[in-house]
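Chain by chain, the residues run as shown.
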Amino acid sequence: MLLFWSEEHSEKWCKDWNLSRGEVIPLDKCCRLAQAWYTPDRREPEWRRRTVDEAQALFTELGFTSEFWRLPR
Amino acid sequence: MDAEQEQIALDKVVRSHVYDYVMREGLLPTIAETSSALARSSDEIRVSFQRLADGHIIVLQKGGEILMANPFSAVPTAFLVKARGRSYYGNCIWDAMGIPAMLKQDATIEASCGCCSTAMNLTITNGSLEEAHGIAHFAIPAAHWWDDIVFN
């Protein structure tokens, strides 16, 4: 997951790496995802990875609803 | 406590130590450091690291040391995060933005365009990104993130 100056720059990068275009996310939306994902304190003994259903629900809540965000079952 | 319960208990302590150490020091702990801090043998820590890696909680280097404890990277990356007088490396833009969330601190991210290396500095204040130019690009669909988490 990389940072680019613009969508055009990400398209050039994909071409250079011979990769299909992925998902372009506005930085503020990416920040909301990062904040939600990493707020639980991983130092706490009770912390555990989200289940697939929990992670999928978080994506949906934050507006990441396309097939690109579909987690494996 | 049976052997499996002991492993689970040790893994929790090791995970807690890994994150406590990196949040405090800005560096990920080595096997030797963790062994010393927790008064457990290097072999016990090495095996615990492997179990945590198998559970997708950390990512190991070939020699068994930690490469990633998301969102933190053990090696320098293009995502330098500065907060509370320390520097941290994020694995990607998502992780870099997640570091201030973990630290519960404001932060600046010194990053660059993945295409042309133009410097792109971001500021996160009270959990929100201050106005910034740029976009994030996720190249790999979520279903395949762990196929090659280092590239991802």
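Everything quoted here is computed from the prediction, not taken from an experiment.

Undergrad: Would you mind showing me how to read the interface of chain A and chain B here?
TA: Taken together, the 41 residues of chain A in the interface contact 51 residues of chain B. Taking both partners together, chain A and chain B bury about 4,400 Å²; carbon and sulfur atoms supply 69% of that area. When the area that chain A buries against chain B is broken down by residue, the three leading residues are A:Met1, A:Leu3 and A:Tyr38, summing to 21%. Between chain A and chain B we count 0 salt bridges in total. There are 21 residue pairs in polar contact (both at pLDDT 80 or more) connecting chain A and chain B.

Undergrad: What exactly am I supposed to notice about the nonpolar core here?
TA: Grouped burial of nonpolar side chains is what soluble globular proteins tend to show. Counting 67 residues, the largest nonpolar core has B:Trp94, B:Met97 and B:Phe138 as the members making the most contacts within it. When sequence neighbours within four positions are dropped, the list of residues in contact with B:Met97 reads A:Leu27, A:Cys30, A:Cys31, A:Ala34, A:Gln35, B:Ile109, B:Leu122, B:Ile124 and B:Leu129.

Undergrad: Help me understand helix α4 (residues 93–103) of chain B in this model?
TA: Because the α-helix completes a turn every 3.6 residues, residues three or four places apart line up on one side. Within α4(B), 11 of the 11 residues are buried, which leaves the element mostly enclosed by the surrounding structure. Two residues or fewer after α4(B) comes B:Lys104, characterised by a positive phi angle close to 55°.

Reading the values: the criteria
- Residues numbered from 1 in each chain as written.
- Chains lettered and ligands numbered in written order.
- Predicted model: local features only at pLDDT ≥ 70, side-chain atom pairs only at ≥ 80, totals over all residues.
- Heavy atoms only, no water.
- Contact = heavy atoms within 4.5 Å.
- Buried area = accessible area lost by both parts, 1.4 Å probe.
- Salt bridge = Lys/Arg side-chain N within 4 Å of Asp/Glu carboxyl O.
- Polar contact = N/O pair within 3.5 Å; in protein donor to acceptor, adjacent residues only side chain to side chain.
- Core = buried A, V, L, I, M, F, W, Y, C linked by side-chain atoms within 4.5 Å.
- Buried < 20%, exposed > 50% of the residue type's maximum accessible area, 1.4 Å probe, protein only.
- Helix = DSSP H or I, 4+ residues; strand = E, 2+ residues; numbered from the N terminus.

Take it as geometry only, folks, not as evidence of what the structure does.
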